[in-house]
Amino acid sequence: MEFKKILEKGCFDLHLHTTASDGSYSSSEVVKMAAQKGLVTIAITDHDTIDGIQEALQTARTLNVTVIQGIELSTNYKGKNIDILGYHIHESKELLGVLQKMKEHRHNRAQLIVNKFCKLGMRITSNDVQKYSNGEVIGRPHIAKAVVAKGYAKNIQEVFDLYLGDGKPCAVDKMVLSPNEGINLIHNAGGIAVLAHPLLIQDDALVKELLRLPFDGIEVWHRKHRKEDGIRYKNLAKKYNLLMTGGSDFHNEEHTIGEFGFEL
């Protein structure tokens, strides 16, 4: 089905994370949860990996759910983290090569973060963290869960607010691409490139600058977007002739699949 028709039909969530990156649920569990919510089309968009897609596709075959092969690429522009969603991507030598390098960096980054917590007197280990990553690449939420389990913080959000958020004492930068590199990587894999959660960039002038790049769409609806944000980004989509997408950015039990702010 044409991508635009999927959006018009509704009952979708095009921003979902699994244990293949930093989500709390496996791809199979996420698909089943989406089916229970009555969703028709979802996209698995794990950070810098497509490892969870095949499992999702297999599970979806037994349910009335269409799974779009997606990804969320980490890029950086003028010191800002810029996430780019890719939809309908296909495996390619170029894509797999770049993702492998990012995976190796993410593994090393996790150990550096653990070391930083230890230096602050919070004695967590890689084994503590791996309990929550299910053998997949370790992400920040997995580390945050270990910190909470050890009693060093009340909840995951507090860990991010005090230690793991960008610029905080235990933060370590990802290996990232430029937005142009990310867009080209998605396009070369046959995909559609969408600017993710523009509100989180916290600079609409920069958002407008980014939209002059060859993006295909912008994420208008997101669980952190208020109604006025959605209206503003909807107008930008029209101005730049872009697709409008939306998703819950689901990671864990604190988020709700299929709910992202307000009426379409």
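See the structure above.
What counts as what
- Position labels on residues start from 1 in each chain and follow its written sequence.
- Only residues with pLDDT of at least 70 get local features here, since the model is predicted, and only at 80 or more are side-chain atom pairs given and counted; chain-wide, interface and lining totals rely on the full set of residues.
- Hydrogens are left out, water is left out, and the side-chain values use all remaining heavy atoms of the structure.
- Secondary structure follows DSSP: runs of H or I at least 4 residues long count as helices, runs of E at least 2 residues long count as strands, and numbering of each begins at the N terminus.
- Three exposure classes are used, based on accessible area relative to the maximum for each residue type with a 1.4 Å probe and protein chains only: buried under 20%, partly exposed in between, and exposed over 50%.
- By the convention used here, residues are in contact when the closest approach between their heavy atoms is within 4.5 Å.
- We call a set of buried Ala, Val, Leu, Ile, Met, Phe, Trp, Tyr and Cys residues a nonpolar core when their side-chain atoms join them within 4.5 Å.
- Criterion used throughout: strands pair if DSSP finds at least two bridges between them.
- An axis is simply a line fitted to the C-alpha atoms; with a helix, the fit covers only the stretch in contact. Between two such axes, the angle follows the N-to-C directions and lies from 0 to 180 degrees.

Caption draft 1: Structural context of the side chain of Ser27. With respect to the helices and strands, the residue Ser27 is situated in helix H2 (residues 27–36). By relative accessible area, which is 3% here, Ser27 ends up buried. Setting aside anything within four residues of it in sequence, one finds Ser27 in contact with Thr18, Gly52, Glu55 and Ala56.

Caption draft 2: Structural context of the nonpolar core. With 56 residues, the main nonpolar core has Ile42, Leu195 and Phe215 as its most contacted residues. If near-sequence neighbours (up to four positions away) are discounted, Ile42 is found in contact with Asp13, Leu14, Leu16, Val31, Ala34, Val65, Thr66, Val67 and Ile68. Within the second largest apolar cluster, 21 residues are counted, among which are Met122, Ile124, Ile143 and Phe160.

Caption draft 3: Just the environment of Met122, in detail. Tracing the backbone shows Met122 in the loop between helix H4 (93–119) and helix H5 (126–133). Here Met122 falls in the buried class, since its relative accessible area comes to 6%. Each C-alpha atom of the pair Met122 and Ile183 lies 39 Å from the other, and the pair is 61 residues apart in sequence. With sequence-adjacent residues up to four places away left out, Met122 is seen in contact with Phe117, Val147, Tyr152 and Tyr163.

Caption draft 4: The arrangement of the sheet that holds strand S6 (residues 217–222) in detail. What the seven strands build is an open sheet, ordered S1-S2-S3-S4-S5-S6-S7; its pairing is mixed. Because the sheet does not close on itself, it has two edges, and the strands there are strand S1 (12–16) and strand S7 (243–247). Taken over all neighbouring pairs, the strand axes of this sheet differ in orientation by 35 degrees on average, direction set aside. Examined bridge by bridge, strand S4 (residues 80–87) and strand S5 (residues 192–195) share four bridges and lie antiparallel to one another. Looking at S5, one finds that Ile84 is bridged to Leu195. Those strands touched by helix H3 (residues 53–60) are strand S2 (41–44) and strand S3 (66–77), and its axis lies near 155 degrees from that of S3.

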